[in-house]
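Letter by letter, the chains look like this.
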Amino acid sequence: MSTPAPLCLTMGSPEGIGGEITLKSWLARKHSDVPVFFSLDVPERLREEAKRLELSVPVEEIATPSQAGGIFERALPVLPVSADKSDARAALESIKGAVSFALKGEIAGLVTNPVNKASISQTGVKFYGHTDYIAELCNAAGKAVMMLECEALRVVPASVHIPLREAGAFLSQEWLEHVGRTVDAYLRERIGISGPIVAFAGFNPHAGEEGILGDEEIGIIKPAVESLRLNGIDARGPFAADSLFHAEARKTYDAAVCMYHDQALIPFKSLAFYEGVNVTLGLPVVRVSPDHGTAEDIKGKGVARPDSLLAALRTAARMR
């Protein structure tokens, strides 16, 4: 029986907590069902971080992803990136390298540590977030869909990192149908749900009150739901978002498609602030990340929790 390919963990922004939670995730390998992974990082950076935080984590350099499995039990395998440890360019090189390994089939998937979008953008690269950047590297621009997943809830923001005032103009029936098809395929093929139910939230308060409070529901969302249903997908809605996420409502669907970022993220993070994960759908590779930011305010204090990263590693292993 062949050994499964390892997962690749990107370094994240050097100014964030990526190094700390990487080290703590390796330390948790024996009691948290952690799959084999290696870090695509600057080895000396991780050694210094381990020393500063007094974490007993030996770091061992590898030359190829296939070497990770033989090292993982005794040391954290690290495949070096060729960039300065304090430069945002190293974070970019880590992402690009991980995607390249995934496309070549050398890894089972990539798990991305959080990045600071502003610092990466200062390198001259147009960067709105991992989802769009990785989609471009995979030649899947315009196809990637973000899903936030935890035990209690799956949500999909149909518009993501754009200003709220632009979200309504971004939405279209065509895009919502693509989101619905992509989510349905993931629930069937990756989760194993037969006949999944996909709920669609409205865009306006009270789902528009039949056009009184806005017409996005009538002109965009409802037609998308009806088209999906005609094509065999159990799409439902649009529902008023303020009553879509309480415990009883969550039992009526397998995933909720929301119309803008905070409509999805607020209920999700209220339920799973530490354990939620971000899964990118619609890519030719597996990509998962913890559902939190760089947390620069607590870097170096030794208090960063690896819970979400551990959940992301387990989710990526399940998907491979």
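Data block above holds the structure.
Residues numbered from 1 in each chain as written. Predicted model: local features only at pLDDT ≥ 70, side-chain atom pairs only at ≥ 80, totals over all residues. Heavy atoms only, no water.

This brings us to the side chain of Ser13. Mapped onto the fold, Ser13 is located in the loop between strand E1 (7-10) and helix H1 (18-27). If we skip the residues at most four places from it in the chain, Ser13 touches Ala91, Pro114, Val115, Asn116, Ser119 and Thr294. (Helix = DSSP H or I, 4+ residues; strand = E, 2+ residues; numbered from the N terminus. Contact = heavy atoms within 4.5 Å.)

Estimates place the volume of the largest pocket at around 480 Å³. As for the largest pocket, its lining consists of 23 residues, and the residues nearest its centre are Tyr128, Thr131, Asp132, Val160 and Phe170. At the level of elements, helix H6 (130-137) and strand E6 (145-149) are the ones that each hand at least two residues to the lining of the largest pocket. Taken as a whole, the second largest pocket encloses approximately 350 Å³ of empty space. Around the second largest pocket, the lining comprises 21 residues; the ones closest to its centre are Lys117, His161, Asn278, Pro290 and His292. Sorting the residues of the lining of the second largest pocket by element identifies H6, E6, helix H11 (261-271) and strand E12 (287-290) as the ones contributing at least two each. In terms of residue class, the lining of the second largest pocket is made up of 6 nonpolar, 11 polar and 4 charged. (1 Å grid on protein atoms, 1.4 Å probe; cavity = no way out; pocket = protein on both sides within 12 Å on 5 of 7 lines; lining within 4 Å. Points joined across faces, edges and corners; volume = space filled by probe spheres on them. Nonpolar A, V, L, I, M, F, W, Y, C, P; charged D, E, K, R; others polar.)

Judged by nonpolar contacts, the single largest core of 60 residues is most densely connected at Phe37, Leu176, Val183 and Phe200. For this core, the element with the most residues is helix H12 (residues 307-319), which contributes 8 residues. Apart from the residues within four sequence positions on either side, Val183 is in contact with Met147, Val156, Val198, Ala255 and Leu281. Core analysis: the next-biggest nonpolar cluster, separate from the first, contains 33 residues, Cys8, Ala98, Ala102 and Ala144 among them. (Core = buried A, V, L, I, M, F, W, Y, C linked by side-chain atoms within 4.5 Å. Buried < 20%, exposed > 50% of the residue type's maximum accessible area, 1.4 Å probe, protein only.)

Further remarks concern the sheet that holds strand E3 (residues 59-61). Ordered in space as E3-E4-E2-E1-E5-E12-E11-E6-E7-E10-E8-E9, the 12 strands form an open sheet in which the pairing is mixed. This sheet does not close on itself; its edge strands, each paired only once, are E3 and strand E9 (234-239). Neighbouring strand axes in the sheet, compared pairwise and without regard to direction, differ in orientation by 30 degrees on average. Each of E6, strand E7 (154-157), strand E8 (197-201), strand E10 (255-258) and strand E11 (277-281) touches helix H8 (residues 173-189); the most contacted strand, E6, lies at about 50 degrees to it. Docked against the sheet, H11 engages E6, E7, E8, E10 and E11, running at close to 160 degrees with respect to E7. (Pairing = 2+ DSSP bridges. Axes fitted to C-alpha atoms, helices over the stretch in contact; angles between N-to-C directions.)

Turning our attention to H12. For H12, with 13 residues, the first-to-last C-alpha span of 19 Å sits near the 18 Å given by 1.5 Å per residue. Taking burial as the measure, the 13 residues of H12 include 10 buried ones, the bulk of the element. Taken together, the buried positions of H12 are occupied by Ser308, Leu309, Leu310, Ala311, Ala312, Leu313, Thr315, Ala316, Ala317 and Met319. (Expected span 1.5 Å × (residues − 1).)

Moving on, we get to the packing of aromatic side chains. As enumerated under the stated definition, the model contains 6 aromatic pairs in all. Plain terms: the ring middles of Phe170 and Trp175 are 6.2 Å apart, the flat faces sit at 75 degrees to each other, and that makes the pair edge-to-face. For Phe170, a relative accessible area of 39% corresponds to the partly exposed category. Between the aromatic rings of Phe203 and Tyr260, the centroid separation amounts to 5.9 Å while the plane-to-plane angle is 85 degrees, which identifies the pairing as edge-to-face. Placement of Phe203 in the loop between E8 and helix H9 (216-230) and of Tyr260 in the loop between E10 and H11 is noted, with a sequence separation of 57 residues between them. Taking the relative accessible area as the measure of exposure, Tyr260 reaches 22% and is therefore partly exposed. (Phe/Tyr/Trp six-rings, centres within 6.5 Å; stacked < 30°, edge-to-face > 60°.)

Before going further, it helps to examine the pattern of salt bridges. Evaluation of the coordinates by the stated rule reveals 17 salt bridges. For Glu49, the salt bridge identified is with Lys299, shortest N-O distance 3.7 Å. Of the two residues, Glu49 is situated in helix H2 (residues 43-53) and Lys299 in the loop between E12 and H12; the sequence distance between them amounts to 250 residues. Given the relative accessible area of 3%, Glu49 is considered buried. Take Lys299: its relative accessible area is 28%, and that puts it in the partly exposed class. The partner of Arg181 in a salt bridge is Glu177, with the nearest N and O atoms 3.8 Å apart. In this pair, Arg181 and Glu177 are both assigned in helix H8, 4 residues apart and thus about one turn of the helix distant. Residue classification places Arg181 among the partly exposed residues on the basis of a relative accessible area of 42%. Owing to a relative accessible area of 13%, Glu177 belongs among the buried residues under this scheme. Connected through salt bridges with shared partners, the residues Glu44, Arg47 and Glu61 form a single ionic network. (Salt bridge = Lys/Arg side-chain N within 4 Å of Asp/Glu carboxyl O.)

Taken by themselves, the reported measurements are silent on function.
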